[in-house]
Amino acid sequence: LYGPYALPGWFLALGNLILAALLTVFWQEPPRVPKPRPPPEHGTHDEEPKLPEHMTVVTFIFHPATVAVMFGTFSGCFMGLGMEQLVPPTTKSLFGWDADYPELNGYMFSAIGVV
């Protein structure tokens, strides 16, 4: 957590926090362009979800649609990272694959990706 290999992670985490704070403070909404109304024969229901007229960065981030997309992205990334951390020790204990066979773990990652 504090070694030299953690420095890129700390840099990315702090950089993301600083940039998110700056974005929240300095964001300006672009001018709204009214959507053209569809002709009456096309139906009355919209296919796009309704969003509030004036959204700040914070209300956009905490909107349910945005939260759902972020949750899916984060869970997918964390599952991939978890696989990268779990596959090598598991294959070493189960199959005896050591540092002499790093390409075999690549086959295992490919099989997990296909599944």
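Residues numbered from 1 in each chain as written. Predicted model: local features only at pLDDT ≥ 70, side-chain atom pairs only at ≥ 80, totals over all residues. Heavy atoms only, no water.

Another point: the overall build of the protein chain. Within the protein chain one finds four helices and zero strands. Listed by position from the N terminus, the elements making up the protein chain come as α-α-α-α. Across the 115 residues of the protein chain, 7% fall into the buried class. Here the analysis covers contacts within the protein chain between residues at least 6 apart in sequence; of these, 27% occur between residues at least 24 apart. Per element, the accessible surface of the protein chain, about 10500 Å² overall, is 71% carbon and sulfur. (Helix = DSSP H or I, 4+ residues; strand = E, 2+ residues; numbered from the N terminus. Buried < 20%, exposed > 50% of the residue type's maximum accessible area, 1.4 Å probe, protein only. Contact = heavy atoms within 4.5 Å. Areas by Shrake-Rupley, 256 points an atom, 1.4 Å probe, with all protein chains shown as cover.)

As a further point, take the side chain of threonine 66. Here threonine 66 shows up in helix α3 (residues 64-95). If we ignore the near neighbours within four places in the chain, the residues touching threonine 66 are Phe60 and Ile61.

Parts of the prediction with low pLDDT should not have their coordinates interpreted in detail. Of the residues in the protein chain, 85% have a pLDDT of 70 or more, and the chain-wide mean is 79. Predicted confidence in the protein chain is weakest over helix α4 (residues 102-114), with a mean pLDDT of 72, and strongest over helix α1 (residues 7-26), with 91. (pLDDT = per-residue confidence, 0-100.)

Let us now look at the environment of methionine 83. By the element assignment, methionine 83 lies in helix α3. Ignoring anything within four residues of it in the chain, the contact list for methionine 83 reads Pro88, Phe109 and Ile112.

Our focus in this paragraph is a nonpolar patch on the surface. There is a patch of nonpolar side chains on the surface, built from Leu1, Tyr2, Trp10, Leu14, Leu17, Ile18, Leu19, Leu22, Val25 and Phe26 and spanning about 1200 Å² of accessible area. Positionally, leucine 22 belongs in helix α1. Classification of leucine 22 by relative accessible area gives partly exposed; the value is 40%. (Patch = residues over 30% accessible without salt bridge, like charges linked within 9 Å, V, L, I, M, F, W, Y side chains within 5 Å. Salt bridge = Lys/Arg side-chain N within 4 Å of Asp/Glu carboxyl O.)

Here α3 is 32 residues long and its end C-alpha atoms lie 44 Å apart, about the 46 Å a rise of 1.5 Å per residue gives. Along α3, the largest kink reaches about 30 degrees and is centred on leucine 86; proline proline 88 follows within four residues of it. Inspection of α3 places Thr66, Val87 and Thr91 among the buried residues, and these make up the whole buried set. Of the residues trailing α3, glycine 96 is marked for its positive phi of about 80 degrees. (Expected span 1.5 Å × (residues − 1). Bend = angle between axes of the 7 residues up to and from the residue.)

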